[in-house]
Amino acid sequence: GDYKQAVETNLKAIEQDGAYIQKAGMTSGPYPMHYLKHNLYILARAYMLLEDYDNAIKAANELTQFVQPHLQMMPELAFASKAPLDIYLYFHKWQEILDYQLIAPTTSMQAYLHFARAVAFAGLGKVDEEQKERQQLQQLQKQIKPSEEYANNPFVKILDVADVMAEAALAK
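1. Focus on the packing of helix α4 (residues 83–90) against helix α6 (residues 107–123)
Packed helices, taken two at a time, are described by the angle between their axes plus the distance between the axes.
Part 1 of the reasoning: The N-to-C vectors of α4 and α6 enclose an angle of 15 degrees; their axes lie 11 Å apart at closest approach. It follows that α4 is roughly parallel to α6 by the angle criterion. As for how α4 packs across α6, the hand of that crossing is left-handed. The residues of α6 that touch α4, namely those facing Leu85, Asp86 and Leu89, are Tyr112, Leu113, Phe115, Ala116 and Val119.

Printed below as a string of structure tokens:
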């Protein structure tokens, strides 16, 4: 992937979409929520893959701040709240994961937080805490509807992989 080009393209898209949204007077609704959310998410991921932690976490935090006021109206935006966790996981920022507060405490996002916390505790060598977090992940996973998806994938299946990843983190 050309992540540098992805950064440039998404910065331009954010600028253009922001100008259009301002000009059209749209402060909420599907267009600004989905387009800007997507652009901020891809920007955060591109910075992450360029190994640019500061800009990756900045974009991820901008994303969560952007969607937070709209979660009541559009609960499907809750998945954006995991973006900072993805950045922290990639860069092994264990304490940041343990300190992270979800802006959208849905069952799915709570389960994902327990996955991230399990990996963080494993990274810190705290086996008992890792196992407790995995148990909470597994309990919450049972409450998630099989029809719930993230990026066209059943979220329960994503959490299956996450559970295995958390267990594997202990092996390091």
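2. Things to note about the nonpolar core
Part 1 of the reasoning: Core analysis: the biggest nonpolar cluster contains 55 residues, and Ile87, Leu89, Ile97, Phe115 and Phe155 have the highest contact counts within it.
Part 2 of the reasoning: Of all elements in the fold, only α1 (3–24), α2 (30–49), α3 (53–67), α4, α5 (94–99), α6, α7 (127–141) and α8 (155–169) reach the threshold of two or more residues within this core.
Part 3 of the reasoning: Ranked by residues supplied to this core, first place goes to α6 with eleven residues.
Part 4 of the reasoning: Residues contacting Leu89, with those up to four places away along its chain left out, are Trp94, Ile97, Tyr112, Phe115, Ala116 and Val119.

3. Points about the pattern of salt bridges
Part 1 of the reasoning: Tallied over the entire structure, the rule returns five salt bridges.
Part 2 of the reasoning: In this structure, the salt-bridge partner of Asp86 is Lys82, at a minimum N-O distance of 2.6 Å. Judged on exposure class, the residue Asp86 and its partner Lys82 are both buried.
Part 3 of the reasoning: What you see here is one network of salt bridges that share partners, running through Arg45, Lys82 and Asp86.

4. Considerations on unusual backbone geometry
Part 1 of the reasoning: The phi torsion at Glu51 lies on the positive side, around 65 degrees, for a residue other than glycine.
Part 2 of the reasoning: Inspection of the secondary structure assignment puts Glu51 in the loop between α2 and α3.
Part 3 of the reasoning: Backbone geometry at Ala151 places phi at a positive 55 degrees, although glycine is not the residue there.
Part 4 of the reasoning: Tracing the backbone through its elements, the reader meets Ala151 in the loop between β1 (149–150) and β2 (153–154).

5. Section: the packing of aromatic side chains
Part 1 of the reasoning: On inspection of all chains with the given rule, the structure shows seven aromatic pairs.
Part 2 of the reasoning: Where Tyr88 meets Tyr100, the ring centres are 6.2 Å apart and the plane angle is 70 degrees; that geometry is what we call edge-to-face. Highlighted residues: Tyr88 in helix α4 and Tyr100 in the loop between α5 and α6, separated in sequence by twelve residues. Across this residue pair, the class does not change: Tyr88 and Tyr100 are buried.
Part 3 of the reasoning: Positioned over the ring face of Tyr112 is Lys82, at 4.7 Å from the centre of the ring.
Part 4 of the reasoning: Residue placement shows Lys93 over the ring face of Tyr53; its charged tip is 4.5 Å from the ring centre.

What counts and how
The numbering scheme is per chain: residues are counted from 1 as the chain's sequence reads. Where totals are concerned, whole chains, interfaces and linings use all residues; where local detail is concerned, this predicted model gives features only for residues with pLDDT of at least 70, and gives and counts side-chain atom pairs only at 80 or more. Only hydrogens and water are set aside; all other atoms, that is, all heavy atoms of the structure, feed into the side-chain values. Note on geometry: axes are C-alpha line fits, over the in-contact stretch for helices, and angles between N-to-C directions span 0 to 180 degrees. A run of H or I in DSSP becomes a helix once it reaches four residues, and a run of E becomes a strand once it reaches two; helices and strands are each numbered from the N terminus. Each angle receives one of four descriptions, namely roughly parallel if under 35 degrees, roughly antiparallel if over 145, roughly perpendicular if within 65 to 115, and oblique otherwise. Take the far helix as the reference: if the near one is turned anticlockwise from it by less than a right angle, the crossing is left-handed, and if turned clockwise, right-handed. The contact criterion used is simple: two residues touch if any of their non-hydrogen atoms lie within 4.5 Å. Nine residue types can take part in a nonpolar core, namely buried Ala, Val, Leu, Ile, Met, Phe, Trp, Tyr and Cys, and a core is a set of them joined through side-chain atoms within 4.5 Å. Three exposure classes are used, based on accessible area relative to the maximum for each residue type with a 1.4 Å probe and protein chains only: buried under 20%, partly exposed in between, and exposed over 50%. Any carboxyl oxygen of Asp or Glu that lies within 4 Å of a side-chain nitrogen of Lys or Arg is treated as forming a salt bridge with it. Centres within 6.5 Å are what make two rings of Phe, Tyr or Trp a pair, Trp counting through its six-membered ring; a difference in plane orientation under 30 degrees is then read as stacked, over 60 as edge-to-face, and the rest as tilted. For a ring to carry a charge above it, either NZ of a lysine or CZ of an arginine must fall within 6 Å of the ring centroid while also lying within 35 degrees of the normal to the ring plane.

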